[in-house]
Amino acid sequence: MDVITYDMEVPCSIAPARVFKAFVLDADTLIPKIMPHAMKSSAYKTLKHRVDAIDKENFTYSFSVIDGAELMDKFESISYHTKIVPGPDGGSIYKIRSIYQTKGSPYKSAKQRVDAVDKENFAYSYTVIEGSAFAGLLESISYHIKIVAAPEGGSICKYRGIYTTKGDAQVSEEEIKAGKERGSGMFKAIEAYLLANPDA
């Protein structure tokens, strides 16, 4: 087993609190709007789905879209994971995680675990614990993200990726570079969206 760590920093012209809200707290609803493969509501007219899991004790429900006219022309798979948790004032909060896998992507599936969300310090950590990217090579991939104020205004996204390999498996420089480019590209797409939508 080996542990490979890489760090990168991505500058942004948006203040840390606003970037954190978009990149972490609102990501499940904003990413489909921001990325080029954003869906239109008309795609939902003819959906077929498969129930993947129902956990009545923990109030969770997961399902996958398996057919949906023009929708499935754009995506390899679409999964929704929902959980109902107690709200601070006695009600409840409905949490939804949406996973859209575009056609042609090298990664067909992923299971993530949120490790920490620190709203006050704009920090977020999560671990990919299962998925097609592993190809028998990896135990896990962890990401630690912290958004800090930049000295000249705006913010800097400090991003650390930690790959834990299985046995003697190796992660190539090209794979690490591709991971950095995906993370940086998503961050820059969010910045562009926020600049174009000042009220978002």
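Let us look at the structure shown here. (Residues numbered from 1 in each chain as written. Predicted model: local features only at pLDDT ≥ 70, side-chain atom pairs only at ≥ 80, totals over all residues. Heavy atoms only, no water.)

### So, the pairing of strand β8 (residues 138-149)
Here is the key point about a regular strand: its side chains alternate between the two faces of the sheet. The condition is simple: What makes two strands pair is DSSP finding at least two bridges between them. Secondary structure elements are defined from DSSP: runs of H or I of at least 4 residues count as helices, runs of E of at least 2 residues count as strands, and each element is numbered from the N terminus.
Both β8 and strand β9 (residues 155-165) contribute to a ladder of eleven bridges, which runs antiparallel. Bridge pairing links Leu138 to Thr165 in β9. From the end of β8 to the start of β9, which pair antiparallel, there are five residues, and Gly153 there has a positive phi angle of about 105°.

### Comments concerning the nonpolar core
The line we're drawing: Here, the term nonpolar core denotes a set of buried Ala, Val, Leu, Ile, Met, Phe, Trp, Tyr and Cys residues that are joined through side-chain atoms within 4.5 Å. Summary of the burial criterion: residues with accessible area below 20% of their type's maximum are buried, those above 50% are exposed, and those between are partly exposed, where the area comes from a 1.4 Å probe applied to protein chains only. Every residue pair with non-hydrogen atoms within 4.5 Å of one another is taken to be in contact.
The biggest cluster of nonpolar side chains holds 32 residues, and the ones touching the most others in it are Tyr143, Ile145, Tyr163 and Phe187. Counting only elements with at least two residues in this core, the list comes to β1 (3-12), α1 (16-25), α2 (27-34), β7 (123-131), β8, β9 and α4 (173-196). Excluding anything up to four places from it in sequence, Tyr143 contacts Tyr6, Tyr124, Ser125, Tyr126, Val128, Tyr159, Arg160, Gly161 and Tyr163.

### Observations concerning a nonpolar patch on the surface
Our working definition: Without a salt bridge and with relative accessible area above 30%, a residue can belong to a patch; like charges are then joined within 9 Å and nonpolar side chains (Val, Leu, Ile, Met, Phe, Trp, Tyr) within 5 Å. Note on areas: these come from Shrake-Rupley sampling with a 1.4 Å probe, and a residue is covered only by the protein chains present in the view. Salt bridges are counted wherever a side-chain nitrogen of Lys or Arg sits within 4 Å of a carboxyl oxygen of Asp or Glu.
A surface patch of nonpolar side chains, about 230 Å² in accessible area, is lined by Leu25, Val114 and Val117. By secondary structure assignment, the location of Val117 is in strand β6 (residues 110-118).

### Re the packing of α1 against α4
The test is simple: A fitted line through C-alpha atoms serves as each axis, taken over the contacting stretch for helices, and the angle formed by two N-to-C directions is quoted from 0 to 180°. If you view the pair so one helix is near and one far, a crossing is left-handed when the near helix is turned anticlockwise from the far one by less than a right angle, and right-handed when it is turned clockwise. Note on residue categories: nonpolar means Ala, Val, Leu, Ile, Met, Phe, Trp, Tyr, Cys or Pro, charged means Asp, Glu, Lys or Arg, and polar means any other residue, Gly included.
Interaxial distance between α1 and α4 falls to 10 Å at its minimum, and their mutual angle equals 120°. By crossing handedness, the relation of α1 to α4 is classed as right-handed. Across the interface between the two elements, Arg18, Val19, Ala22 and Phe23 from α1 touch Met186, Phe187, Ile190 and Leu194 from α4. Of the residues belonging to the contact of α1 with α4, the class tally is seven nonpolar, no polar and one charged.

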